[in-house]
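Structural overview for review
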Amino acid sequence: MSAVPTSWQAWLSDTLAARDRDGLRRQPVHLDSPQAVRVQRDGRWLDNFCSNDYLGLAAEPALQAALIDAVRRVGVGAGSASLVCGHHHEHAALAEALADWLGVETVLLFGNGYLANLGVLAGLAGRGDAIVQDRLNHASLIDGAIASGAKHLRYAHAEALAAEQRLMSLPENIHKRLLVSDGVFSMDGDIAPVAELVAVAERQQALLVLDEAHAFGVIGEAGRGSVSHAGLRDDAVALRIGTLGKAFGVYGAFAAGPKVLIDTLQQLARPAIYTTALPPALAAVTRVALTHVRDDHWRRANLQANIIQFRAGALAQGWDVMASDTAIQPLLIGDTARTNALSAALLARGFWVSSIRPPTVPNGSARLRVTLSSAHTPEAIARLLDALADLAMDYACVSSP
Ligand SMILES: *Cc1c(COP(=O)(O)O)cnc(C)c1O
C-alpha cells in the first residue's frame, strides 16, 4: 500500500511519461570531483562547459583554506534566522564589503538568488502595484512577480521602448511600479540595455531592479556588473541583486541599494526573514572570494580571450552562435531532440555541454548552452571546437559548410 492516493497516481505517472516522450525529463547526474573545468562524472573525466563558475573560484585552493579556517573559528551552522540570533559578525562584514565594492549604501544577504528575487519582488510589490519585466527574465523573477500578487506585464526581450509602453499602459492609480530585468540573460548571454532602462525608469517613475547573477564578476570595471559596463554611476539603478553561487564560486545572494530600500526589505522580504541565515563560515569565505572577484583582473582577461576564441571558431564552422559577449555562449539548434542528441554526442567525446530545452527557453529554441570560465585553457577550447566541427556535418546544424 502506497501513501500516495490513487487519485494522485495517474497524474504523477502521466506527468513523468509526458516528459519522457518529449525528451524533457530532467535528472541530476553527480560529480565525483570538485567543480572545475575538468570534472569526473561516473568515473570519466570530462571537459566541463556548463558551469557558472566563470572565474574558476569554486575549487580555488585559497578559498578552500579560508573556508576551513573560518569553520574552525565560527563553526558550521548559523543556528537561526538572522533576525533572531543567527546574524554573525561575518555576515555583517560580508555585507559591508559587498556594499563598498558596488558603491551602494548597504546590502541585505539572502540564502540564494532564487530567494532573493522572490523576496525583493514580493517584498516591494503587492496587490494594487505593478511589475513590468523582460520576457526572458530568470524563472525566479517570474515566480517573484506571481507571488507578489501585483499586476504583472512582460515586455519584448531587451526592448526598452516596449518596457516603456507597458509602463505607460498602466492605470494612473498604480503608483508603485517595478521595472525588472536580468543584467545578463541566463540562457542567451546578451546584456540588457541598461542605460535605456535607466532612462525609461526615470521617465516613468518606476523603480528599476537588475538581476546581476551572470554579470557580477564577469563584466564591468572590477567585475561590478552591467551598470559599470554601461558606463553609468553606481546609483543609476535603484536595486541590484547578485548571487554568490556563480562567479563568486560559493553560495548565497544579496540585494544592494540605498539604505531606505534595503531596510524596508529587511522588514518585508519574507524569504530573508523566515529562514536560517547563511552559515557564517560561508560569509567569511565569500569575503575572500570577493577580493578575487574584484582584484583578479587576469581572470576576466582570460575569460575574455576564451570567449573570443570560442566565438571565432564556432562562427567559422557555421553554427548559429547567439549574439553574446559574455561567458554564456549558446549555440541555437531549435529542435529539442536534435539538441539532446548533440549534447549526448559531445558527452561521448568527453565534453559536458548542457542541452537547454523548453520550458526553460521558448518552444523551438532549444540550444547547446556553452559556458566558459577563466580557467579553461586555449587547448580545451580548441578540443571542444574540434568536436563541434565533427558533429556539425553529421547533425546538419550549420548554415554552410
Ligand atoms: C542562477 C540565477 C538565479 C538564482 O541564483 P541562485 O543563487 O542559484 O539561486 C537568479 N537569477 C538569475 C538570472 C540566475 O541565472
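Residues numbered from 1 in each chain as written. Predicted model: local features only at pLDDT ≥ 70, side-chain atom pairs only at ≥ 80, totals over all residues. Heavy atoms only, no water.

**Quick word on the side chain of Q133**
Within the fold, Q133 resides in strand β4 (residues 130-134). Looking at Q133, its side chain comes within polar contact range of the side chain of N137, at 2.9 Å. In this structure the side chain of Q133 is engaged in a polar contact, spanning 3.2 Å, whose partner is the backbone oxygen of L141. (Helix = DSSP H or I, 4+ residues; strand = E, 2+ residues; numbered from the N terminus. Polar contact = N/O pair within 3.5 Å; in protein donor to acceptor, adjacent residues only side chain to side chain.)

**A look at the packing of helix α14 (residues 336-348) against helix α15 (residues 378-394)**
At a minimum axis separation of 10 Å, α14 and α15 run at an interaxial angle of 130 degrees. On the basis of the axis angle, α14 is oblique to α15. Relative to α15, α14 is oriented so that their crossing is right-handed. The segment α14 lies against α15, with L342, A345 and L346 engaging L384, A387, L388 and L391. (Axes fitted to C-alpha atoms, helices over the stretch in contact; angles between N-to-C directions. Parallel < 35°, antiparallel > 145°, perpendicular 65-115°, else oblique. Left-handed = near helix turned anticlockwise from the far one by under 90°. Contact = heavy atoms within 4.5 Å.)

**Some thoughts on α15**
Over its 17 residues, α15 extends 25 Å from the first C-alpha to the last, a length consistent with the 24 Å expected when each residue adds 1.5 Å. Along α15, the residues classified as buried are A380, I381, L384, L385, A387, L388, L391 and A392. The buried residues of α15 occupy an angular sector of 165 degrees when the element is viewed end-on, so they sit on one face. Along α15, the residues that are exposed and aim more than 90 degrees away from the buried face are E379, D386 and M393. (Expected span 1.5 Å × (residues − 1). Buried < 20%, exposed > 50% of the residue type's maximum accessible area, 1.4 Å probe, protein only. Arc of directions from axis to C-beta.)

**Quick word on the UniProt feature "modified residue: N6-(pyridoxal phosphate)lysine" (unreviewed entry) in the protein**
Mapped onto this structure's residue numbering, the UniProt feature "modified residue: N6-(pyridoxal phosphate)lysine" (unreviewed entry) falls at K246. Locating K246 in the fold gives a position in the loop between β8 (239-243) and β9 (253-257). Of the residues examined, K246 reaches a relative accessible area of 17% and is grouped as buried. When near neighbours in sequence (up to four residues on either side) are disregarded, K246 contacts N52, D53, Y54, A213 and H214. (UniProt positions renumbered as here; feature names shortened; annotations may be inferred.)

**Quick notes on the domain arrangement of the protein**
Interfaces are frequently sized by the accessible area removed from exposure as the parts join. Taken as a whole, the protein is organised into domain 1 (26-55 + 296-392) and domain 2 (62-295). Averaged C-alpha coordinates put domain 1 and domain 2 at centres separated by 26 Å. Taken together, the contact between domain 1 and domain 2 spans 23 residues of the former and 24 residues of the latter. Between domain 1 and domain 2, roughly 1,700 Å² of surface is buried when both sides are summed, and carbon and sulfur atoms account for 57% of that area. (Domains from an automatic or database assignment. Buried area = accessible area lost by both parts, 1.4 Å probe.)

**Let's talk about the UniProt feature "domain: Aminotransferase class I/classII large" (unreviewed entry) in the protein**
Following the UniProt record, the feature "domain: Aminotransferase class I/classII large" (unreviewed entry) maps to residues 48-388 here. Secondary structure content for residues 48-388 is 45% helix and 16% strand, and the end C-alpha separation is 14 Å.

**With respect to the sheet that holds strand β13 (residues 366-371)**
Taking strand neighbours across the sheet as the criterion, the 3 strands line up as β10-β13-β12 in an open arrangement whose pairing is antiparallel. Strands at the two margins of the open sheet, each flanked by one partner only, are β10 (328-334) and β12 (354-356). The average angle at which neighbouring strand axes cross in this sheet is 30 degrees, direction not considered. By the bridge criterion, 6 bridges tie β10 to β13 in an arrangement that is antiparallel. Bridge pairing in β13 places G334 opposite A366. Set on the sheet, helix α13 (residues 297-316) makes contact with β10 and β13; between it and β10 the angle comes to about 20 degrees. (Pairing = 2+ DSSP bridges.)

**Section: the pairing of β4**
When you tally the buried positions in β4, you get 5 out of 5 residues, the bulk of the element. Note on the crossover from β4 through helix α6 (residues 139-148) to strand β5 (residues 151-155): the handedness is right-handed. When β4 meets strand β6 (residues 177-182), the two strands line up parallel, connected through 4 bridges. Each bridged residue has a counterpart across the sheet, and for A130 the counterpart in β6 is R177. (Right-handed = clockwise from strand over helix to strand, strands pointing away.)

**Digging into the pairing of strand β7 (residues 207-211)**
With 4 of 5 residues buried, β7 lies mostly within the body of the structure. Examined bridge by bridge, β6 and β7 share 5 bridges and lie parallel to one another. By the bridge assignment for β7, L179 is matched with L208. Note on the crossover from β6 through helix α8 (residues 194-204) to β7: the handedness is right-handed. The sheet contact formed by β7 and β8 spans 3 bridges and is parallel. Considered in β8, the bridge of D211 is made with I241.

**Some thoughts on helix α10 (residues 259-268)**
Of all the positions in α10, only L261, I262 and L265 are classed as buried. Looking straight down α10, one finds its buried side chains confined to an arc of 95 degrees; they lie on one side. What points out from α10, more than 90 degrees from its buried face, is the exposed set V260 and Q267. Of the surrounding elements, those touching the buried residues of α10 are β3 (106-110), α5 (113-124), β7, β8 and β9.

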